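# Tertiary structure, described
Here is what each chain is made of, one letter per residue.
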Amino acid sequence: MKFLTLLNRWLLALYLVVASAGLSMAQAPEKTSSSEVLHKLKKLNVLGTVLYVAAHPDDENTRLITYLGNEKLYNTGYLSVTRGDGGQNLIGPEISKDLGIIRTQELLQARRTDGGVQFFTRANDFGFSKNAEETFRIWNKEQVLADMVWVIRKFRPDVMITRFPPDERAGHGQHTASAILAEEAFTAAADPKRFPEQLKYVEVWQPKRLLWNTGVWSFGSQAEFDKYVDKLLKVDVGGYNPLLGESYGEIAAASRSMHKSQGFGASAARGTSIEYLQHTKGDKADKELLESINTSWARVKGGEKVQKLIQKAIDSYKPTEPSAIVPVLLTARKELQKLPDNHWKKLKTEAINEVILDAMGLYLEVTATDYAATPGQPIAFNIEAINRSTTPVTIKAVNYKFAAKDTTLQKQLSVNEPLKYSTTIELPATIAYSQPYWLQKSGTLGMFAVDGLDNVGKPENDPAAQVTFNLTVAGEPLEVTVPVVYKRTDPVEGEIYRPFIVTPPVFVNITEGVYMFADQEPKQVNVRVKAGKANVAGNVALSLPKGWKVEPASAPFSLQAKGFEQNVTFIVTPPKGQHEAELKAVATLDGKNYSQSLSEISYSHIPAQTTFPEATAKIVKLDLKKDGQKIGYVMGAGDDIPTSLRQIGYDVTMLRDSDMRLNYLQQFDAIILGVRAYNTVDRLKHHQPTLMEYVKNGGNLIVQYNTNHALVMPNVGPYPLKLSRDRVTVEEAEVRFLKPDHEVLNLPNKITKKDFEGWVQERGLYFPNEWSKEYEAILSSNDPGEPARDGGLLVAKYGKGNYIYTGYSWFRELPAGVPGAYRLFVNLISLGKNNTSGNAAKSSVK
């Protein structure tokens, strides 16, 4: 074991320079213009609430949400039943839980853009499902319903809107399920016998009506829609808001475009845009969405005085002197505090406080000198406060809630002169790590494990640390709570923000998620130990099941500075026979065990995300033979197939645009196109003739799934084939052999039904449904009650080589360490490389 002193010095220097490189500015404090202050001011006098319900991130209608929140000024929320973990990712390799984190943040950015409020349930997006029955077999329906009822009782919508109908027209089992649940929750939220444990914290609530946001898409044709359209409620959401300087279509497009991982960038729309709503439950509306619902302060007993004072502020508002409304808003706030405690009192008190701060241009910021700290660690904070108005403001005290510490200040802020100072606070030893609340415990395929009601419905954790300023504004007390953030200045981008987080003192990252043992040879397992604070020393070991051997049993580590890393290599030897198991890396520090790894997600359109998954890896000993060695790989939307292939000994070269020359490509036994390559790599339309010539000369070209929308070229194969939306979502669905004697099922590995056991999430997606006679369909599968889907694996001879199109989900199965998926994928690579006789093929049967 070497202690890499020189490397650690270099790592420290690098850490200080680039620890926050590539992070977004998404956490920057909001700065509100004078026209936006007036917009918020007008919203204070509107007491209406609408909740939009659908299944996934990107299902929501941002046009309608934007219109309701900014034209009608209603409190508008979106309840996404799931976080979208089961989708695909167009911007990177993250799938499953990491993709759910990305899509959660994309939804939050969308709501920051269109002004809505975001909610979730505990349901997990387990992948595409064909019907609600399948969805409810995997979700805990009663628990998801309870979560939806909880959100309704807390948010108290006057009207609910679903994106989908409660039947097969929804096109996805989870879509259908979201509508079924919304209809049940609409009634259950008002029933004190349903989920009575919630009533300790909330009251029952009955929305006035439930509608379905429909359109031509649900009627099959424009002609059918035209027959029914007069029965639908119509809302023109295409207006222009002069205070915001944009039409609702423009704002909605910016909101929609936050769903970058799904490739949902949208064009801005201007002018009339009609949304259609069909009555589902409750009182029917004939002309207006919130028809017969009082959305003024008259719905709150004693609220008329508040309304008059807010209207006075609106009428007297001067864009060049917004702070002039502060005295009347303080008076309105006093009147509001006299009212009995209720939902609107709480909501509007927070809103009035926000408008007061915005009108004064009051800026309060607390930044940490590092973006991460560990429990018990002292951390330096920089505080900045400035009052950019003539309204007198005094800071009476500063409360560091996370450390239960108050600092008395008694400092009046001079007009437009910043108050800046620094302080050091020790984090409590009991402060929680910043792990997303829904990932803190192991759940099921269909549900995240979340204890209690505190977090249910919330889109993300509360900030790791918050600071409260106790102020007086024109003599009136006012509390303002701000999150602690980290800020640095980038020489190109300027100020860069990211969330402040609390981490374990040490991380153990296993360099691979899966280790595949194709024979009895041992493999190196590298563990990267990283310091979450200075001066950590201890031992790291691998925990393995019986039959597996590891050397050494443990190894020491010593890291002098935060961010230092040390690589430790273990040699793992598999048992005989085929086995699947899990190993775990554990660091022992000061008598405590730590098994958290460090995972960071960084994209420019969302705040940086940091999680601490358990440091585990799947280990698989499998019976595997392979022919060929060199593979060229063209990355598409992003996947981990190259890493998986290297695990079993292949030499994988990532092909660049400049590599796509026939004389260069002919060195490879196979060329593989990553998932959605023909959707995302525009240059493929220029390289297609070269790839076809490579096949013609004897190469194997393996094309993984593409969607049938937005292909960079119409023909992706040497012969005609048509992509469809056909998919097999049940991962246990039977797989039938259409060509049992075909080489791809026999050499070099004999494929049996057992090779299709243990698959994850699905069989495959976007199978071709039409192809020319030159293709041979090798496998057939289908979901229950559906016709056979034969297009998941097509093989065609072209010249001396083979063209293979496959919609089976290798991008999920190989990184998940599914043995049979490896065996069949190796056969695809090896196709035509084995020159043994048929008798030799028969002898390979186990």
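Residues numbered from 1 in each chain as written. Predicted model: local features only at pLDDT ≥ 70, side-chain atom pairs only at ≥ 80, totals over all residues. Heavy atoms only, no water.

### Here's the deal with the confidence of the model for the protein chain
- For the protein chain, the mean per-residue pLDDT works out to 94, and 95% of the residues sit at or above 70.
- When the criterion is pLDDT under 50, residues 1-26 qualifies, and its contacts beyond four places in sequence or with other chains add up to 52 contacts. (pLDDT = per-residue confidence, 0-100. Contact = heavy atoms within 4.5 Å.)

### Remarks on unusual backbone geometry
- Look at the link from Glu551 to Pro552: it is a cis peptide, with omega at -10°.
- Within the secondary structure, Pro552 is located in the loop between β24 (549-551) and β25 (555-559).
- Although it is not a glycine, Arg156 adopts a positive phi angle of roughly 55°.
- Classification of Arg156 by relative accessible area gives buried; the value is 17%.
- Positive phi values are uncommon outside glycine, yet Asp590 reaches one of about 50°. (Helix = DSSP H or I, 4+ residues; strand = E, 2+ residues; numbered from the N terminus. Buried < 20%, exposed > 50% of the residue type's maximum accessible area, 1.4 Å probe, protein only.)

### Comments concerning the sheet that holds strand β42 (residues 801-806)
- Spatially, β33-β32-β34-β35-β42-β41-β39 is the arrangement adopted by the seven strands of the open sheet, whose pairing is mixed. Each end of this open sheet is capped by a strand with a single partner; those strands are β33 (651-654) and β39 (775-777). On average, each strand axis in the sheet is tilted by 20° relative to the strand beside it, whichever way the strands run.
- Relative to β42, strand β41 (residues 793-798) runs antiparallel, the two sharing six bridges. From the neighbouring strand, Lys797 faces β42, where its bridge partner is Asn802.
- In the packing of helix α18 (residues 819-830) onto the sheet, the strands contacted are β32 (630-634), β34 (670-673), β35 (700-703), β41 and β42, and the crossing angle to β35 comes to about 140°. (Pairing = 2+ DSSP bridges. Axes fitted to C-alpha atoms, helices over the stretch in contact; angles between N-to-C directions.)

### Comments concerning the packing of helix α4 (residues 96-114) against helix α9 (residues 248-256)
- Their axes nearest at 8 Å, the elements α4 and α9 cross at an angle of 165°. Relative to α9, the element α4 is oriented roughly antiparallel. Along this stretch, α4 crosses α9, giving a crossing that reads as right-handed. Contacts from Ala110, Arg111, Thr113 and Asp114 in α4 reach Ile251, Ala254 and Ser255 in α9.
- Each residue belonging to the contact of α4 with α9 can be placed in one class, and the counts come to three nonpolar, two polar and two charged. (Parallel < 35°, antiparallel > 145°, perpendicular 65-115°, else oblique. Left-handed = near helix turned anticlockwise from the far one by under 90°. Nonpolar A, V, L, I, M, F, W, Y, C, P; charged D, E, K, R; others polar.)

### Focus: the environment of Lys630
- Tracing the backbone through its elements, the reader meets Lys630 in strand β32.
- The exposure class assigned to Lys630 is partly exposed, which follows from its relative accessible area of 28%.
- In this structure, the C-alpha to C-alpha distance between Lys630 and Tyr803, residues 173 residues apart in sequence, is 17 Å.
- When near neighbours in sequence (up to four residues on either side) are disregarded, Lys630 contacts Asp651, Gln667, Phe668, Asp669 and Ala670.
- A polar contact is formed between the side chain of Lys630 and the side chain of Gln667, at a distance of 2.6 Å. (Polar contact = N/O pair within 3.5 Å; in protein donor to acceptor, adjacent residues only side chain to side chain.)

### Here we look at the packing of aromatic side chains
- Here the structure, examined in full by the defined rule, presents 32 aromatic pairs.
- Ring geometry for Phe225 against Tyr276: centres 5.0 Å apart, planes inclined by 80°, an arrangement best described as edge-to-face. Remark: Tyr276 occurs in strand β9 (residues 274-282) and Phe225 occurs in helix α8 (residues 222-228); sequence separation between them is 51 residues. Like Tyr276, Phe225 is buried.
- Taken together, the aromatic side chains of Phe737, Phe756, Trp759, Phe767, Tyr808, Trp810 and Phe825 make up a single cluster linked through ring pairs.
- Note that Lys626 overlies the ring of Tyr650, its terminal NZ or CZ placed 4.5 Å from the centroid.
- Looking at Arg763, its charged tip hangs above the ring of Trp759, at a distance of 5.3 Å from the centre. (Phe/Tyr/Trp six-rings, centres within 6.5 Å; stacked < 30°, edge-to-face > 60°. Lys NZ or Arg CZ within 6 Å of the ring centre and 35° of its normal.)

### A word on the sheet that holds strand β22 (residues 523-531)
- The strand order across the open sheet built from four strands is β20-β22-β26-β24, with neighbouring strands paired in antiparallel fashion. At either margin of the open sheet sits one strand with a lone partner, and together these are β20 (506-510) and β24. Each neighbouring strand pair of the sheet contributes to a mean axis angle of 30°, computed without reference to strand direction.
- As paired elements, β22 and strand β26 (residues 565-573) share eight bridges and run antiparallel to each other. In the sheet register, Lys530 faces β26, and the bridge partner there is Glu565.

### Structural notes on the pattern of salt bridges
- All told, the structure shown has 47 salt bridges when counted by the stated rule.
- Where Glu786 meets Lys130, a salt bridge forms, and the shortest distance between an N and an O atom there is 2.5 Å. Placement of the pair is Glu786 in the loop between β40 (779-781) and β41 and Lys130 in the loop between β3 (117-120) and α5 (132-138), with a sequence separation of 656 residues.
- On the basis of relative accessible area, Lys130 is assigned to the partly exposed category, the value being 24%.
- Each of Lys130, Asp726, Asp783, Glu786 and Arg789 takes part in a single network of salt bridges with overlapping partners. (Salt bridge = Lys/Arg side-chain N within 4 Å of Asp/Glu carboxyl O.)

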